[in-house]
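# Structural overview for review
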Amino acid sequence: MRLHRLTSTAALGTAVLLTSVPAVPVAGAAVHATASRARVSAAYVLPGDRVYPEGIAADPRTGAMYAGSFQDGTVYRMTPGRRVAEVFLPAGTDGRRTANGLKADRAGRLWVTDSTAGVSVYDTRTRRLLARFDIPGNEARFVNDLAIAPDGSAYITDSVRSVVYRVTPRDLAEARGGRAVLVPRFDLDDALEPHGPGDFTLNGIVADPAGRFLLTADMHGGDLYRLDVASGAVRKAVLSGGDMRNADGLELQHGRLWTVHNLDNAISRWRVARDGTGARRERALSDASLQLPTTLVRSRGTLYVVRSQFDKGGPLGGGTPEIPFTVAAVRGI
């Protein structure tokens, strides 16, 4: 997350204009978007008056979803047919101060990042802590979002250090029941656009389903980067029709990339080249009812978007949040 100005919120449910964006085609793309209307509505309620949610994940095995509180580290579980989420991990569990990025893998594990400490891994059936990976060193850090690659490795962005850490299945097995240290796999500090030492850079990250590359957004510079899993090479992807400024969470499915732009109360949809070297923006929507969105997940054709309200008495502004805190369902983009 990274905000330079504050944006007002609006009603919890609304129809918004969805615009198509003409642009130069990306190799392998042959999709023609047309203008239509998207629907934003409240899908789940997160109980509590100081939730300020940040991350969301969908369990690929059960369909349940999880959301985390940036304010105190509570993790909620949302299940189909139940509008109000349940507390899955209470505030302060295992000493976590917050919950940023969340990801559920196919082995029944939930990965939860703590911006100040590292990442914790839980068993979704027993809620037991399986392992914890800590950030090395004492310098500034902000562990943010994560992605799970097809081989089971987790890749985690650090928005202040501009690095991507990796936890392999072997690392997880060796740390099981204990603690280990996060090890950087990609260092993008020199590859990014010029930035100050306190600027937030890398945020959302996704993995290519074929396991060849990762894509991560630089929300400060507005760029998208392709990280080669095998070689470690880093290259800037060619974007047409828009940029990744204020980009927070990412979601990649079937060659399409969805991005939330937190400051702008916006979502954009992109067609990604097969080799990940470029992306063309197809559609975009902007609406205050997104309430400063921080990330999203796509399940059964619907985008579920976290409404953080960080600018309403949260970490990024004064005021009073709209209660209850909710996760939005966005259809039509």
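These lines cover the structure that appears in this document, whether it is placed above or below. (Residues numbered from 1 in each chain as written. Predicted model: local features only at pLDDT ≥ 70, side-chain atom pairs only at ≥ 80, totals over all residues. Heavy atoms only, no water.)

## Observations regarding the overall build of the chain
Counting secondary structure elements, the chain contains 1 helix and 27 strands. Counting all 333 residues of the chain, 59% fall into the buried class. Across the chain, contacts joining residues at least 24 apart in sequence account for 56% of those joining residues at least 6 apart. Carbon and sulfur atoms make up 49% of the accessible area of the chain, which totals about 12800 Å². (Helix = DSSP H or I, 4+ residues; strand = E, 2+ residues; numbered from the N terminus. Buried < 20%, exposed > 50% of the residue type's maximum accessible area, 1.4 Å probe, protein only. Contact = heavy atoms within 4.5 Å. Areas by Shrake-Rupley, 256 points an atom, 1.4 Å probe, with all protein chains shown as cover.)

## Details of the environment of Ala 58
Within the secondary structure layout, Ala 58 lies in strand β3 (residues 53-58). Residue class for Ala 58 comes out partly exposed when judged on its relative accessible area of 22%. Residue contacts for Ala 58: discarding those within four places in its chain leaves Ala 64, Met 65, Ala 104 and Val 297.

## Some words on the pairing of strand β16 (residues 202-207)
With respect to burial, β16 is a largely interior element, 6 of its 6 residues being buried. Taken together, the 4 bridges between β16 and strand β17 (residues 213-218) define a ladder with antiparallel strand orientation. Each residue of the ladder has a partner; that of Ala 207, found in β17, is Leu 214. With antiparallel pairing between neighbouring strands as the criterion, β16 and β17 make up a hairpin whose turn holds 5 residues, including Gly 211 at a positive phi of roughly 80°. (Pairing = 2+ DSSP bridges.)

## Observations concerning the sheet that holds strand β6 (residues 86-89)
Taken in spatial order, the 4 strands line up as β3-β4-β5-β6 in an open sheet, and their pairing is antiparallel. The outermost strands of the open sheet, each flanked by one partner alone, are β3 and β6. The mean angle between the axes of side-by-side strands here comes to 30°, regardless of whether they run parallel or antiparallel. The pairing of β3 with strand β4 (residues 65-69) spans 4 bridges and is antiparallel. Across the sheet, the residue bridging to Pro 53 is Ser 69, located in β4. (Axes fitted to C-alpha atoms, helices over the stretch in contact; angles between N-to-C directions.)

## Let's talk about the nonpolar core
Core analysis: the biggest nonpolar cluster contains 24 residues, and Tyr 44, Leu 46, Ile 56, Met 65, Met 78, Tyr 304 and Val 327 have the highest contact counts within it. Residues Ala 131, Phe 133, Ile 135 and Ile 156 belong to the second largest nonpolar core, which totals 17 residues. (Core = buried A, V, L, I, M, F, W, Y, C linked by side-chain atoms within 4.5 Å.)

## Some thoughts on the sheet that holds strand β19 (residues 234-236)
Sheet strands pair by backbone hydrogen bonding; their relative direction is either parallel or antiparallel. In space, the 4 strands of this open sheet follow the order β16-β17-β18-β19, with antiparallel pairing throughout. Each edge of the open sheet carries a strand with a single partner, namely β16 and β19. Each neighbouring strand pair of the sheet contributes to a mean axis angle of 25°, computed without reference to strand direction. Pairing analysis gives 6 bridges linking β17 to strand β18 (residues 223-228), with the strands arranged antiparallel. When the sheet's bridge partners are listed, Thr 216 is paired in β18 with Tyr 225.

## A few points about the environment of Gly 177
Its location among the elements puts Gly 177 in the loop between α1 (169-175) and β14 (179-181). Among the residues examined, Gly 177 registers a relative accessible area of 64% and is labelled exposed. Between the C-alpha atoms of Gly 177 and Val 121, which are 56 residues apart in sequence, the distance is 9.9 Å.

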